[in-house]
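Reading the structure
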Amino acid sequence: MVRFFGLWGVWGISTWLFTLLRLVYGFSATQSGLYVTLFGAVGILSIPVAGLMADLTRSRRKVTLILLTAFFVTAFLFPLTPRAEVWVTTSILGFLAFAYRSPLDTIIAEYRRGLTATSMGVANTVSQASQVVVPILVGSVLTFSNMYWTVFPIVALGPGLATLILWRLK
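Residues numbered from 1 in each chain as written. Predicted model: local features only at pLDDT ≥ 70, side-chain atom pairs only at ≥ 80, totals over all residues. Heavy atoms only, no water.

As a further point, take the overall build of the chain. Of regular secondary structure, the chain possesses 8 helices and 0 strands. Traced from its N-terminal end to its C-terminal end, the chain shows the element sequence α-α-α-α-α-α-α-α. Taking 170 residues into account, the globule formula puts the C-alpha radius of gyration at 15 Å, and the chain, at 16 Å, falls close to it. Over its C-alpha atoms, taken along the principal directions, the chain stretches across nearly 50 × 35 × 25 Å. Relative to its 170 residues, the chain shows a buried fraction of 44%. When contacts within the chain are restricted to residue pairs at least 6 apart in sequence, those whose partners lie at least 24 apart make up 77%. Roughly 8700 Å² of accessible area belongs to the chain as shown, and the carbon and sulfur atoms make up 71% of that amount. (Helix = DSSP H or I, 4+ residues; strand = E, 2+ residues; numbered from the N terminus. Rg over C-alpha atoms; globule rule 2.2 N^0.38 Å. Buried < 20%, exposed > 50% of the residue type's maximum accessible area, 1.4 Å probe, protein only. Contact = heavy atoms within 4.5 Å. Areas by Shrake-Rupley, 256 points an atom, 1.4 Å probe, with all protein chains shown as cover.)

If you want it as C-alpha cells, here you go:
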C-alpha cells in the first residue's frame, strides 16, 4: 500500500502537470512542456541519488519517510508557488516524486526474506492500480468542481498516506 500511495502522487503529477501549468499558471504549451521535461529529467536523476543517500546513511526507512513527507508537502503547497518560481518547485517535485522509490523498493524486497521476488511482484501489482485510479479521480473532481487548485491536495494525499502507513509499519 505504501508503494500504491507513493505512485498515486507520481501518476497524479505526471498525468496532470502539463494541463495544470497551462490552466492554473497560464503558461504556453512550450513553457509547460519545458517544465514537465524538467520534472522528468530531475526525477530520473533522483532515483540513484536517493538510493545512494539510503545506502550511505544505512537508513532506508528514514530516508524514504523523509522523501515521502517532503513529496506530500511540496505537492500540497505547489499551488502557492509564484509564477516566476514554478521551475524551481517543478524541479523539486520531480526529484521527490521519484526519489523515494529506490529505498522503498529495497525495503519491500527485504521485508519478506526468501520471498523477495514475490514481495516485489505483489508490490508492483498493487501499485500499478494507482495509474488508473488517480487520473480518474482527479479528472472527476475537475469535471464536477472546475477548481484546478484542488488537484494538488488530491495528488498529495497519496504520498501523505504512504508516509503514514510506512511510519506505522514496523
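Among the surface-exposed residues, Phe72, Val73, Phe76, Leu77 and Leu80 lie close enough to one another that they form a single nonpolar patch of about 450 Å² accessible area. For Phe72, the location among the structural elements is in helix 3 (residues 60-77). (Patch = residues over 30% accessible without salt bridge, like charges linked within 9 Å, V, L, I, M, F, W, Y side chains within 5 Å. Salt bridge = Lys/Arg side-chain N within 4 Å of Asp/Glu carboxyl O.)

Count 3.6 residues to each turn of an α-helix, and residues three or four apart come out pointing the same way. A rise of 1.5 Å per residue sets the reference length of helix 8 (residues 151-168), with its 18 residues, at 26 Å; its end C-alpha atoms lie 27 Å apart and thus fit the reference within 8%. The largest bend in helix 8 comes to about 25 degrees, at Leu157, with the proline Pro159 one to four residues further on. In this fold, the buried residues of helix 8 make contact with helix 1 (2-23), helix 3 and helix 7 (130-145). (Expected span 1.5 Å × (residues − 1). Bend = angle between axes of the 7 residues up to and from the residue.)

So, on to helix 1. The first and last C-alpha atoms of helix 1 sit 31 Å apart over 22 residues, in line with the 32 Å expected at 1.5 Å per residue. By the largest-angle criterion, Leu17 marks the main kink of helix 1, which is about 50 degrees.

Turning to the nonpolar core, a few remarks are in order. Counting residues in each nonpolar core, the largest one holds 46 residues, and the members touching the most others are Ile13, Leu21, Phe71, Phe78, Tyr100 and Val138. Those elements giving two or more residues to this core turn out to be helix 1, helix 2 (29-57), helix 3, helix 4 (86-99), helix 5 (101-111), helix 6 (116-128), helix 7 and helix 8. If one sorts the elements of this core by residue count, helix 1 sits on top with 11 residues. Discounting residues that sit within four places of it in the chain, Leu21 has contacts with Gly26, Phe27, Ser32, Tyr35, Val36, Phe78 and Val86. (Core = buried A, V, L, I, M, F, W, Y, C linked by side-chain atoms within 4.5 Å.)

This brings us to the packing of aromatic side chains. Applying the stated criterion across every chain yields a total of 10 aromatic pairs. Judged by centre distance (5.0 Å) and plane angle (85 degrees), the rings of Phe4 and Phe5 are edge-to-face. In this pair, the class of Phe4 matches that of Phe5, namely buried. (Phe/Tyr/Trp six-rings, centres within 6.5 Å; stacked < 30°, edge-to-face > 60°.)

Quick look at the environment of Leu67 now. The topology assignment puts Leu67 in helix 3. Considered as a pair, Leu67 and Val88 are 21 residues apart in the sequence and their alpha carbons are 17 Å apart. Among residues more than four places away in sequence, those in contact with Leu67 are Ala50, Met53, Phe95, Leu96, Ala99 and Tyr100.

Before going further, it helps to examine the layout of surface pockets. Here the idea is plain: a probe the size of a water molecule rolls over the atoms and shows the empty space left. Approximately 300 Å³ is the volume attributed to the largest pocket. As for the largest pocket, its lining consists of 15 residues, of which Met1, Val2, Ile108, Ala123 and Leu169 are closest to the centre. Put simply, the parts of the chain that give the lining of the largest pocket at least two residues each are helix 1, helix 5, helix 6 and helix 8. When grouped by side-chain class, the residues that make up the lining of the largest pocket number 13 nonpolar, 1 polar and 1 charged. (1 Å grid on protein atoms, 1.4 Å probe; cavity = no way out; pocket = protein on both sides within 12 Å on 5 of 7 lines; lining within 4 Å. Points joined across faces, edges and corners; volume = space filled by probe spheres on them. Nonpolar A, V, L, I, M, F, W, Y, C, P; charged D, E, K, R; others polar.)

This part covers the pattern of salt bridges. A pair can form between side chains of opposite charge whenever their charged atoms are brought close. Evaluation of the coordinates by the stated rule reveals 4 salt bridges. A salt bridge links Asp105 to Arg3; the shortest N-O distance between them is 2.7 Å. Here Asp105, found in helix 5, pairs with Arg3, found in helix 1; they are 102 residues apart in sequence, far enough to count as distant. Classification of Asp105 by relative accessible area gives buried; the value is 18%.

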